[in-house]
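# Understanding the architecture of this molecule
Listed below, chain by chain, are the residues.
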Amino acid sequence: MTASAAPIASATADSPIPARLSALRAHMAQQGWQAVLLPSSDPHLSEYLPERWQGRVHFSGFTGSSGTLLVAAERAAVFTDSRYWTQAEAELAGSGVDLVKLDGAPVPAYTQWLQALGLAGLQGATLALDGSVMGLAQTQQLADALAALSAPAWRLHATDDVLDGIWPERPGLPSAPVFEHLPPHASTSRRDKLAALREALRAKGASHHWVATLDDLAWLLNLRGADVDYNPVFLGHALVSLDAVQLFVGEGKVDAALQARLADDGVAVRPYADALSTLKTLPPGSVLLVDPKRITWGLRQAVPAGVKVVEAINPSTLAKSRKTAAEAAFIREAMAHDGAAMCAFYAWLEQALGREAVSELTIDERMTAEREKQPGYVSLSFPTIAGFNANGALPHYRATPEAFAWLSTPQGLVAEGLLLIDSGAQYLGGTTDITRVWAIGTPSAAQKRDFTLVLKGTMALSRARFPLGTLAPMLDAIARAPLWAEGLDFGHGTGHGVGYFLNVHEGPQSISKAVPNGDMAMQAGMVTSIEPGLYRPGQWGIRIENLVLNVDVPPAVPDAEPGAPDHGAYLAFETLSLCPIDTRCIDLSLLRDDERQWLNGYHAEVLQRLRPLVSGDALRWLALRTQPI
């Protein structure tokens, strides 16, 4: 294996994918379906999926976390965006599954592919999918797009689990127990959260509310679980009325003592399998609040005709995005412990390079081991991305035992270059996500230029002030401007919301090129990532990421009259992540004095906050890497 990126494992002659596709096609022929769509989704529209709903992976071999598989009698294709193109090309090679590179909305790409199948001789064609795992909004878009097609006319069949009976070893439902998120970390009680939710229902004129998204459910009821890798959530639904809650969860997952405490707060535990039938029996005249972006097509179809539906964002989605002062304090503690773990890891890494065998896999193992030592640690918050040189140019790369790169042997460095590490953890008091890039050997002038341009974007947005209620996508250009000035850009968003001991990706805010809507307004207490990047395929990748907290800015003129230029409330970002940025990678000639001052101030804060938590080699490394420039 060479020091450059080892190839991602691809399909081989003994790959099971062709046989699995043959079984699926035989089932399609029996059902009279001309095509089947397998999304990356589950009944709760989760980002990370329980194995039971990883049908796209099972039938294509593509393991990226985002993508859709379309299968027809003679062709099959995975549709995914630029983050996964290199990975998909390697994993799909030899499988009989094509790659369709998405560079825009997916639904038009699906319909274009269907039209190209050459089925013009048919009177009509059917696209089958499992409506119980497809988002309501996307399914409606797809149905409308299919209705506009002709030669042949397509119809959507969305009432069956299309994998039923053709995946013999399909995993069952997860069985991990549900547990409480307790005080002091859970600083707002379950009763108070439910009371606030019911106030929101009354304001909307609703009598009932359906909660299907797992992070909303866990946050609302101060419960956590381990049904989804990296996200401390459990499979469940909740039906909330103005005086009761029905929680639908797998039998045996909630012990008797917890059921009793839930009952004290008006929450009755019912079997997970009863959710759909209960929704179907809502009494006529009920008014049901659902979030069209957070409910599946199948759930929406189950709502009885006599029930009025109000569509609006889940009140819990907005509420959980705005961390309380108590939660913010615990998040700061979690960030400090996470930073201490990284100091210990990076101190070891710099000593080991050129003296020990170090690979991308070693980095993942050692970083995780240091985090596990920290108080309140629960798990990682996503799979660690450790990408050396060309592997770092793949934004969602993950080393595997079959394909990884070496950095070092006992005889010396395997190669020089840049090492990108994107990692994070779940703590009882918060969720972390941080990316750093480190020089392995001496960085080149081109690498330093790229690194500095990305750093300037991170700093520019970190220093921004903006009016309260600014739509998050409007901030995206601030981080891109230093790159745009040089004719450069990156293909992913600049920032995502982060949960509180919950999902590492949450809404409603998104600092990206997304079309803004009113739900994306920035409010005090939101935690968001800032992570511009720059990727040179086949060479290196750079991303510098911190998490930040929206904080109120004291008004310069407190009593300014409405209409005056200095009237209105403003927000700024408090940087939460605590880890040095590698100044060896900076082209100092590209930094302004104010940018140097910001970086030196950040490093002084990192040193001051982490020094009490580390000792020995970790403390020496921290002092070295936070020296002012």
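Here we summarise the structure given alongside this text. (Residues numbered from 1 in each chain as written. Predicted model: local features only at pLDDT ≥ 70, side-chain atom pairs only at ≥ 80, totals over all residues. Heavy atoms only, no water.)

### Structural notes on the overall build of the protein chain
Broken down by element type, the protein chain carries 17 helices and 31 strands. In the protein chain, which comprises 629 residues, the share counted as buried stands at 55%. Split by element, the accessible area of the protein chain, about 24,600 Å² in all, is 53% carbon and sulfur. Considering the protein chain, the positive charge centre built from 50 side chains and the negative charge centre built from 65 side chains are found 2 Å apart. (Helix = DSSP H or I, 4+ residues; strand = E, 2+ residues; numbered from the N terminus. Buried < 20%, exposed > 50% of the residue type's maximum accessible area, 1.4 Å probe, protein only. Areas by Shrake-Rupley, 256 points an atom, 1.4 Å probe, with all protein chains shown as cover. Lys, Arg positive; Asp, Glu negative; His and termini not counted. Charge placed at Lys NZ, Arg CZ, Asp CG, Glu CD.)

### Observations concerning the sheet that holds strand E8 (residues 208–211)
As summarised here, the arrangement of the 6 strands in space is E12-E11-E10-E8-E13-E14, forming an open sheet in which the pairing is mixed. Pairing within the sheet leaves two strands with one partner each, and these edge strands are strand E12 (267–271) and strand E14 (308–311). Pairwise comparison of adjacent strand axes, ignoring direction, gives a mean angle of 25° for this sheet. Where E8 and strand E10 (residues 236–241) come together, 4 bridges link them in antiparallel fashion. In the strand pairing of E10, Trp 210 is matched with Leu 239. Its contacts with the sheet put helix H6 (residues 190–204) on E8, E10, strand E11 (245–249), E12, strand E13 (287–290) and E14, and the angle it makes with E10 is roughly 65°. (Pairing = 2+ DSSP bridges. Axes fitted to C-alpha atoms, helices over the stretch in contact; angles between N-to-C directions. Contact = heavy atoms within 4.5 Å.)

### Focus: the packing of helix H16 (residues 593–610) against helix H17 (residues 616–625)
Following both chains from N to C, one finds H16 and H17 inclined at 165°, their axes separated by 9 Å at the closest point. As summarised for this structure, H16 and H17 are arranged roughly antiparallel, according to the angle between their axes. The chirality of how H16 crosses H17 is left-handed. Each of His 603, Val 606, Leu 607 and Leu 610 in H16 lies in contact with H17, whose residues at this interface are Leu 622, Ala 623 and Arg 625. Residues that form the contact of H16 with H17 fall into these classes: 5 nonpolar, 1 polar and 1 charged. (Parallel < 35°, antiparallel > 145°, perpendicular 65-115°, else oblique. Left-handed = near helix turned anticlockwise from the far one by under 90°. Nonpolar A, V, L, I, M, F, W, Y, C, P; charged D, E, K, R; others polar.)

### Here's the deal with the nonpolar core
Formed by 57 residues in total, the largest nonpolar core has its most connected members in Tyr 346, Leu 349, Ile 363 and Phe 451. In terms of residues, this core owes the most to one element, helix H12 (residues 325–352), which gives 10 residues. Residues Ala 77, Met 134, Val 290 and Ala 302 belong to the second largest nonpolar core, which totals 39 residues. (Core = buried A, V, L, I, M, F, W, Y, C linked by side-chain atoms within 4.5 Å.)

### Concerning the pattern of salt bridges
Considering all chains together, one arrives at 33 salt bridges under this definition. A salt bridge links Asp 161 to Arg 170, with the shortest nitrogen-to-oxygen separation between them at 2.8 Å. By relative accessible area, which is 14% here, Arg 170 ends up buried. Residues Asp 450 and Arg 536 are paired through a salt bridge, measuring 2.8 Å at the closest nitrogen-oxygen approach. A residue pair is termed long-range when its members are at least 10 positions apart, and Asp 450 in helix H14 (residues 445–462) and Arg 536 in strand E28 (residues 533–536) qualify at 86 residues. Classification of Asp 450 by relative accessible area gives buried; the value is 2%. On the accessibility criterion, Arg 536 (24% relative accessible area) is partly exposed. (Salt bridge = Lys/Arg side-chain N within 4 Å of Asp/Glu carboxyl O.)

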